[in-house]
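Commentary on secondary and tertiary structure
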Amino acid sequence: MRRGNVVNRKQALKVVKELDAFPKVPENYVETSATGGGLSIVTFIVIFLLVLSEVSYYSSTELHFDYEVDKNYTAGLRLNVDITVAMKCHHIGADVLDQTGADAFSHGRLKEEAVYWELTPSQRSYLQFVQGTNEYLQEEYHAIQEVMWKSANSGYMSGMPERDEPVPNHEPDACRVSGSLDVNKVEGNFHIIGGKSVPVIPRGHAHLALMMDKSDYNFSHRIDHFSFGEPVFGVLYPLDGTEITTEYNYHNYQYFMQVVPTQVRTYRANVDTYQFAVTQKNRPINHAEGSHGNPGIFIKYDLSSLMIRVREEHKPYWQFIVRMCGIIGGVFAVSGMLNGLVGTLVNFVCCRYKSRSSRSKRYEEALAQQQSSTPSISTPSLIPSDSNPDFNNHLETSGNMLTTNPAASSSGGGDSDKVPLLLQQKD
């Protein structure tokens, strides 16, 4: 019984060995070359660079966007404002009026601070930085979400730096309106116009500008920040860095916004905020030319019924393993084909050169052999036969050889003249 188990085990191992897809070749049967070694080095370098690229690609994250109906219709809306107007604070009023007709003062109050319109070099540098970044995002960089929610640039949220130079000799000529308002989640209108606002019964409000002169109006403005919801760290909003100046006193600026609720769930942020797209229109107010209206800054917003959920996720690691196998196997396969192609070309060129060399060498050897097979006949010294009896025998033998050698009898030149001389001495 035990012997039968051993036999079955050996048969099973034999079957497994026959299924081996990786046969081993003895080293004695492997031939190496300098071309193959150089191509192997190039292959390993290419594989190393591609592996680094894949590791960098799969170590990064990607954003996914889900769209659904906004069901949180009972929540409020937070409005964040930081705007500087080139008018004195007692000449302007800033508030919100929405579709519910709620009292403007029920949303809260904004802070009004007397400042100077002209900026210091450090403040101007910050403003230009924000303007340049916003212009780049809007005009050139189309994948704006990669910068908005995957960056960690804290410079966006630091705000306008404080004035670091002595104040000018004149009084402040501008007013900075900043703060947050809790408004209803409906269509509304945030505006800054001349005159302080007063409530009107039964609802709404009015702005009284009875004691203002035309020279007091100047709605040149600078928007340092304007957003909805909780501010997201590192996010730059479309109106941030906007600066518009005018020399016309009565001017009307209008911004139209489409606000979209957004839930951000990334590794850097976990907040509920709002995105918005904005279009801008401005015109001078001139009743004589038919351009009617109120001078001021009007930001009209409307909320979308859809909500966007932003998720940040890593790429699947099984894709990384599959791509790594494909890279390594593909590079080795292509390098093997290149090695075979290069070897074929080298053998073809070398074989033609060797065949030419061998033919030339064989021709030279045959010519040398032919020349060496022809005997050279030298003229011996004529010694009297009486003094040397052996010489006669030598001459007789030489004479017989010469008479029977067709090559000697047919060769021309000096050798043919010596044959009769030798024959005469034989006689």
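If you're wondering where the values come from, they're calculated on a predicted model, not measured in any experiment.

This paragraph deals with helix 3 (residues 121-139). Because an α-helix completes one turn every 3.6 residues, residues spaced three or four positions apart along the sequence face the same direction. Over its 19 residues, helix 3 extends 26 Å from the first C-alpha to the last, a length consistent with the 27 Å expected when each residue adds 1.5 Å. Taken together, the buried positions of helix 3 are occupied by Gln123, Tyr126, Leu127, Val130, Thr133, Asn134 and Leu137. For helix 3, the arc enclosing every buried residue in end-on projection is 130°, short of the 170-degree limit, so these residues lie on one face. Structural note: helix 3 exposes Pro121 and Glu139 on the side pointing more than 90 degrees away from its buried face.

This paragraph deals with the pattern of salt bridges. Considering all chains together, one arrives at 11 salt bridges under this definition. A salt bridge links Asp66 to Arg311, with the shortest nitrogen-to-oxygen separation between them at 2.8 Å. Placement of Asp66 in strand 1 (residues 61-69) and of Arg311 in strand 14 (residues 306-314) is noted, with a sequence separation of 245 residues between them. Ionic pairing is found between Arg176 and Asp82, a salt bridge with its closest N-O pair at 2.9 Å. Pair noted here: Arg176 is in strand 5 (residues 174-183) and Asp82 is in strand 2 (residues 77-85), with a separation of 94 residues, a long-range link.

Note on terminology: a disulfide is the covalent bond linking the sulfur atoms of two cysteines. Counting across every chain of the model gives 1 disulfide. Each disulfide pairs two cysteine sulfurs, and for Cys89 the partner residue is Cys175, the sulfurs being separated by 2.2 Å. Judged by the torsion about the S-S bond (105°), the Cys89/Cys175 disulfide is right-handed. Linking Cys89 in the loop between strand 2 and strand 3 (92-98) with Cys175 in strand 5, this pair joins segments that are 86 residues apart in sequence. A residue is classified by how much of its surface remains accessible, and Cys175, at 0% relative accessible area, is buried.

Mapping Ile285 onto the fold places it in the loop between strand 12 (270-284) and strand 13 (296-303). The sequence separation of Ile285 and Asn252 amounts to 33 residues, and the corresponding C-alpha distance is 6.6 Å. Apart from the residues lying within four places of it in its own chain, the contact partners of Ile285 are Tyr248, Tyr250, His251, Asn252, Ser291, His292, Gly293, Asn294 and Pro295.

This model, assessed by the stated rule, comprises 10 aromatic pairs. Residues Phe44 and Phe332 carry aromatic rings whose centres are separated by 6.0 Å and whose planes lie at 75° to one another, so their mutual orientation is edge-to-face. On the criterion of sequence distance, the pair formed by Phe44 in helix 2 (residues 34-59) and Phe332 in helix 5 (residues 317-373) is long-range, its members being 288 residues apart. Since its relative accessible area comes to 51%, Phe44 is described here as exposed. Taking the relative accessible area as the measure of exposure, Phe332 reaches 41% and is therefore partly exposed. Counting every residue linked through ring pairs, the aromatic cluster contains Phe190, Phe226, Phe228, Tyr237, Phe276 and Tyr301. Geometry around Trp117 places Arg222 over its ring, the cationic atom sitting 4.5 Å from the centre. A cation over an aromatic ring shows up here: Lys315 above the ring of Tyr57, its NZ or CZ 4.5 Å from the ring centre.

Rules of the game
Residues numbered from 1 in each chain as written. Predicted model: local features only at pLDDT ≥ 70, side-chain atom pairs only at ≥ 80, totals over all residues. Heavy atoms only, no water. Helix = DSSP H or I, 4+ residues; strand = E, 2+ residues; numbered from the N terminus. Expected span 1.5 Å × (residues − 1). Buried < 20%, exposed > 50% of the residue type's maximum accessible area, 1.4 Å probe, protein only. Arc of directions from axis to C-beta. Salt bridge = Lys/Arg side-chain N within 4 Å of Asp/Glu carboxyl O. Disulfide = S-S within 2.5 Å. Contact = heavy atoms within 4.5 Å. Phe/Tyr/Trp six-rings, centres within 6.5 Å; stacked < 30°, edge-to-face > 60°. Lys NZ or Arg CZ within 6 Å of the ring centre and 35° of its normal.

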